[in-house]
Amino acid sequence: MKKPGKADAVSTRDATGHDSARTVDVRSKVTKPKVGPSSSQARNKLNKVKELLAAKREKDALKGSEDATSTVKSDSTSKRALSKGAVSPAGGLSVLQQKMQQKLKGARFRWINEALYTTTGDKALEMVQNDPSIFEEYHQGFSAQVEKWPVNPVDVFIKYLRSKPDKLVVADLGCGEARLSATVGQQHTVHSFDLVAYNELITPCNIADVPLPNDSADVAIFCLALMGTDFLKFIREANRILRVGGELKIAEVISRVSDVDAFVQALEGQGFKLARTTANNKMFIMLDFTKVKRCPAKLSDKPGLLKPCIYKRR
Ligand code: SAH
């Protein structure tokens, strides 16, 4: 994980809900995810509601009536009860409690997201191994974001792979929940890698070091997965596993790439040749490369090629 105490240049929110070109103190963000300035007010309110509920339960118990959670009967009484902060029929949480829970989930998602964008692949792996719930929470937040997008880049890759008549060996690097494998895994051989094996299709690892032999894949895909600060190592790993002539396909949040030419140049320096760039929506850029040769033995670091993708607090 990045050393606390440094201010990092990150991005202000764009159409994706991501930020671009602003400076954020990583220490305050990473170590202290807050739930907003009104959180103490809300907590007081919540405590009051809890007290009222406890008093009501006591009264109901004395009367021998049912517990307050099962007294919401008609629609109109239910609405009245909910607006007063009483217990909702679903999940046993009051409206206020549900709102608080959503806020906390959002804060936690942003914390994890930022941590993944500001650390190396190795450290990210260590982080999720120490606390696997991080991955689960990250993906719940990620899925909520995806629902707001007009297009999901994974669908573009699925369409592409479906159009290929030959059986290909595909490496999905940073596969998330492995939708690629779940959809085109019958047609092609898809190897799915991520920090955590969210399901049985996934091999857990750091994508800087995947358990595939040299020159064994036809296609390597990074769909929004170049998150680590050392992402050039991920690119070099793709170079290692791809056969010469194999395809490297990348989808990234467009606001992360401040200088497309510099980004392409850095990848071409790792043994690839740009085949095409597609940016037909405001959110994502797709870059296709072909492996032309093995990457040089030594990696010369190129910091700042991709900005971290920081979600704004709501
Ligand atoms: N490709 C999927 C998921 C995108 S989210 C999709 O488009 O739906 C980015 C994913 O990259 C996350 O699941 C995250 O865990 C994974 N990831 C980031 N850094 C990684 C690393 N160093 N090794 C393995 N997976 C990584």
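Anything mentioned here points back to the structure above.
Summary of the structure given here. (Residues numbered from 1 in each chain as written. Predicted model: local features only at pLDDT ≥ 70, side-chain atom pairs only at ≥ 80, totals over all residues. Heavy atoms only, no water.)

1. What to know about the overall build of the protein
For clarity, the cut-off: For helices the rule is a DSSP run of H or I covering at least 4 residues; for strands it is a run of E covering at least 2, with both sets numbered from the N terminus onward. Only protein chains enter the accessibility calculation, which uses a 1.4 Å probe; a residue is then buried when its area is under 20% of its type maximum, exposed when over 50%, and partly exposed in between. Should any heavy atoms of two residues lie within 4.5 Å, those residues are counted as being in contact. Computed with the Shrake-Rupley method and a 1.4 Å probe, the accessible areas treat only the protein chains shown as cover for residues.
Each helix and strand counted, the protein has 10 helices and nine strands in total. In the protein, which comprises 314 residues, the proportion classed as buried is 45%. Contacts spanning at least 24 positions in sequence make up 65% of the contacts within the protein whose residues lie at least 6 apart. About 16,600 Å² of surface is accessible on the protein, with carbon and sulfur atoms providing 53% of the total.

2. Focus: the pattern of salt bridges
Going by this rule: Salt-bridge detection follows one rule: a side-chain nitrogen of Lys or Arg within 4 Å of a carboxyl oxygen of Asp or Glu.
All chains considered together, the criterion is met by 13 salt bridges. Across the pair Glu137 and Arg108 runs a salt bridge whose closest N-O atoms are separated by 2.7 Å. With a gap of 29 residues between them, Glu137 in helix α6 (residues 133–146) and Arg108 in helix α4 (residues 95–117) connect regions that are remote in the sequence. In this structure, Asp215 and Lys291 form a salt bridge, with 3.2 Å as the shortest nitrogen-oxygen distance. Placement of the pair is Asp215 in the loop between β5 (202–204) and β6 (217–223) and Lys291 in strand β9 (residues 284–291), with a sequence separation of 76 residues. On the basis of relative accessibility, which here comes to 1%, the residue Lys291 falls in the buried class. Each of Glu247, Lys249, Arg276 and Asp288 takes part in one network of salt bridges that share partners.

3. Some words on the layout of surface pockets
Think of a ball as big as a water molecule: rolled over the atoms, this probe shows where empty space is left. Counted only if it meets this: A pocket, in this scheme, is an open set of points on a 1 Å grid over the protein atoms alone with protein on both sides within 12 Å along at least 5 of 7 lines, while a cavity is a set where a 1.4 Å probe fits but cannot get out; residues line either one if an atom lies within 4 Å of a point. Grid points are joined across faces, edges and corners, and a volume is the space filled by probe spheres set on the points. We call Asp, Glu, Lys and Arg charged. Ala, Val, Leu, Ile, Met, Phe, Trp, Tyr, Cys and Pro are nonpolar, and the rest, Gly among them, are polar.
Taken as a whole, the largest pocket spans an internal volume of roughly 620 Å³. In this structure, the largest pocket is lined by 37 residues; those nearest its centre are His139, Gly174, Cys175, Gly176 and Asp194. Those elements giving two or more residues to the lining of the largest pocket turn out to be α4, α5 (121–130), α6, α8 (179–184) and β6. No other element matches α6, which puts seven residues into the lining of the largest pocket. Looking at the lining of the largest pocket residue by residue, the class counts come to 23 nonpolar, 10 polar and four charged.

4. A short note on the pairing of β6
Quick reminder of the rule: Strand pairing is assigned whenever DSSP detects at least two bridges linking the two strands.
In terms of burial, β6 is a largely internal element, seven of the seven residues being buried. Examined bridge by bridge, strand β3 (residues 169–173) and β6 share three bridges and lie parallel to one another. Within β6, the residue paired with Ala171 across the bridge is Ala220.

5. Comments concerning the site of the ligand
Spelled out, the test is: Any residue with a heavy atom positioned within 4 Å of a molecule or strand is treated as near that molecule or strand. Here a polar contact means two N or O atoms within 3.5 Å. Within protein one must be a hydrogen donor candidate and the other an acceptor candidate, and residues neighboring in sequence count only if both atoms are side-chain atoms. More than half of a molecule's atoms within 2 Å of the grid points is what it takes for that molecule to sit in a cavity or pocket.
Near the ligand there are 18 residues, and of these His139, Gly174, Asp194, Asn206 and Cys223 occur at the shortest range. Backbone polar atom of Cys205 to a nitrogen atom of the ligand: 3.5 Å apart, as the coordinates give it. Backbone polar atom of Cys223 to a nitrogen atom of the ligand: 2.9 Å apart, as the coordinates give it. Starting from 570 Å² of accessible surface for the ligand in isolation, the protein chains cover 95%. When each cavity is represented as a set of grid points, the ligand is found to reside in the largest pocket.

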